[in-house]
Amino acid sequence: MKDKQKALLLIVCLLIFFPLARSFRKKEEMPQNSDANTSSVEIIVYNTRENVIKRINLEEYIVGVVAAEMPASFSSEALKAQAIAARTYALGRAVEKYGNTRINHFGAHVCTNPAHCQAWIPKELYQTWYPKSDVDKNWAKIEQAAYETSGLILTYDGEIINPLYHANSGGITEDVQEVWSSVNSVPYLQSVFSEGESDYSSFEKKVVFKGEEIREKLMKVYPDIVFMGSISEDMEIIQYTNSQRVKEIRVGSITVPGTKFREIFSLASTQIEINFPADDEIEIVTYGFGHGVGMSQCGANELAQKGKDYDYILKYYYTGVEIEPLSDEIVLKFGN
Ligand SMILES: [Zn+2]
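Residues numbered from 1 in each chain as written. Predicted model: local features only at pLDDT ≥ 70, side-chain atom pairs only at ≥ 80, totals over all residues.

A. The arrangement of the environment of Y287 in detail. Residue placement: Y287 occurs in strand β12 (residues 281-287). Look at Y287 and you get buried, because 24 C-beta atoms sit within 10 Å. Considered as a pair, Y287 and E197 are 90 residues apart in the sequence and their alpha carbons are 9.7 Å apart. Excluding residues within four positions of it along the chain, Y287 makes contact with G170, G171, F203, E204, S269 and Q271. (Helix = DSSP H or I, 4+ residues; strand = E, 2+ residues; numbered from the N terminus. Buried ≥ 20, exposed ≤ 12 C-beta atoms within 10 Å, placed from the backbone. Contact = placed C-beta atoms within 7 Å.)

And the structure:
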């Protein structure tokens, strides 16, 4: 065979077999980010700040969520873990895996209220948050975390998960069913220890209330409540969850769930200590910030600083999950 013919045959063979060989690569040899083209996937976002609904490219949206949810000073692997959790959260809502959230969002998949869905911020607003010299550097670091994990989501048993997360767990995360009584136990949302969180400002908060304030706030919610005496006589923690959060607290004649008590007094968490510094005065010390379920953002940063990657961090907080590329089914569903 002449050299020219040999070269031609080699090219033909390469054209046929190279794509086949590529599709048979083992999963662990696959690139870290998804092969799925997510450029056509758009999330419908209800911007509660401006009261407008907007379609945003998925990955652009994720950059804005990470920027709003986690400080850019956090380690890159923590930012990547946050990006994957945020992507999973948004897509889980978009495919209506976790209820029909569109009803609460005027048809949008998610809103930008962190107390309801997850926070999001556009770069124009982010620029007003940081000194000019830091904005581009911070934004680029966040963009890198989002794009390096592009298209990756969390699954359990092949299903997209509900990746709840919070700022600081106070040292231990919570079982999901302790926070939402209507929810049964979820295997990947179980309590785990979370080290190093006391170094963050969100770890401990103290608030002081006069007995009168306590009574007033409770009477608005429980009009039939009867108080017995001073606040020290009227208040007693009667049950804790396994993670030492308040499950039930007796106030006067009634028993209030810890989560309700947190809501009424706008407390940082339900990991509570109560002291009575003066007559008819109460000091409430809370540990951690947020509901405490799923990934702790401060804990994620601690693990990242110890050299753990996003894969380790996510699997630490979400027991038994896998990190997988977005399925073609979801890509097609949201394609234009
Ligand atoms: Zn929402």
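There is more to say after this.
B. Focus on the pairing of strand β4 (residues 152-156). In the sheet, β4 pairs with strand β14 (residues 322-325) via four bridges, with the strands oriented antiparallel. Looking at the pairing, I153 lines up with E324 of β14. Linking two consecutive strands that pair antiparallel, namely β4 and strand β5 (residues 159-160), is a turn of two residues; a positive phi of about 55° is found at D157 within it. (Pairing = 2+ DSSP bridges.)

C. Region of interest: the nonpolar core. Counting 58 residues, the largest nonpolar core has I62, V66, A81, I84, A85, I313 and L314 as its most contacted members. By residue number, the principal contributor to this core is helix α3 (residues 76-94), which donates 11 residues. Core analysis: the next-biggest nonpolar cluster, separate from the first, contains 12 residues, L218, M235, F261 and I284 among them. (Core = buried A, V, L, I, M, F, W, Y, C linked by C-beta atoms within 7 Å.)

D. Just helix α7 (residues 211-221), in detail. Burial in α7 covers these residues: G211, I214 and L218. With its buried residues spanning 60° around the axis, α7 presents them on a single face. Those residues of α7 that are exposed and angled more than 90 degrees off the buried face are E212, E216 and K220. Elements that come into contact with the buried residues of α7 comprise β7 (204-210), α8 (231-234), β9 (246-251), α9 (258-264) and β12. (Arc of directions from axis to C-beta.)

E. Layout of the sheet that holds β9. One open sheet holds the three strands; their spatial order is β8-β9-β10, and the pairing between them is antiparallel. Each of the sheet's edge strands pairs with one partner strand only, and the pair in question is β8 (235-240) and β10 (254-257). Pairs of neighbouring strands in the sheet enclose a mean axial angle of 25°, with direction left out of account. Here five bridges tie β8 to β9, and the two strands are oriented antiparallel to one another. The residue bridging M235 from the neighbouring strand is V251, located in β9. (Axes fitted to C-alpha atoms, helices over the stretch in contact; angles between N-to-C directions.)

F. Highlighting the sheet that holds β4. Sheet architecture is open: three strands sit in the order β5-β4-β14, paired in antiparallel fashion. Every interior strand has two partners, whereas the edge strands, β5 and β14, have only one. In this fold α3 packs onto β4, β5 and β14, with an angle of close to 70° to the strand it touches most, β4.

G. Up close: the packing of α3 against helix α10 (residues 297-305). Where α3 meets α10, the closest approach of the two axes is 7 Å, and the angle between their N-to-C directions is 135°. Taken as axis vectors, α3 and α10 run oblique relative to one another. As α3 runs across α10, the sense of the crossing is right-handed. Only Q297, A300, N301 and A304 of α10 make contact with α3, whose side of the interface consists of E77, A78, A81 and Q82. When the residues that make up the contact of α3 with α10 are grouped by side-chain class, the tally is four nonpolar, three polar and one charged. (Parallel < 35°, antiparallel > 145°, perpendicular 65-115°, else oblique. Left-handed = near helix turned anticlockwise from the far one by under 90°. Nonpolar A, V, L, I, M, F, W, Y, C, P; charged D, E, K, R; others polar.)

H. Just the packing of α10 against helix α11 (residues 310-317), in detail. Between α10 and α11, the shortest axis-to-axis distance is 10 Å and the interhelical angle comes to 140°. It follows from the interaxial angle that α10 and α11 lie oblique. Considering the relative orientation of α10 and α11, their crossing is right-handed. Note on element contacts: α11 touches α10 through Y312, I313 and Y316, opposite A300, L303 and A304. The residue inventory of the contact of α10 with α11, partitioned by class, reads six nonpolar, no polar and no charged.

I. Region of the structure containing the environment of E178. Residue position: E178 is located in helix α6 (residues 176-179). The spacing of E178 and R245 is 67 residues in sequence and 9.1 Å in space, taken between C-alpha atoms. Setting aside chain neighbours within four positions, we find E178 in contact with T241, R245 and K247.

Keep in mind that these numbers describe shape and distance, not what the molecule does.
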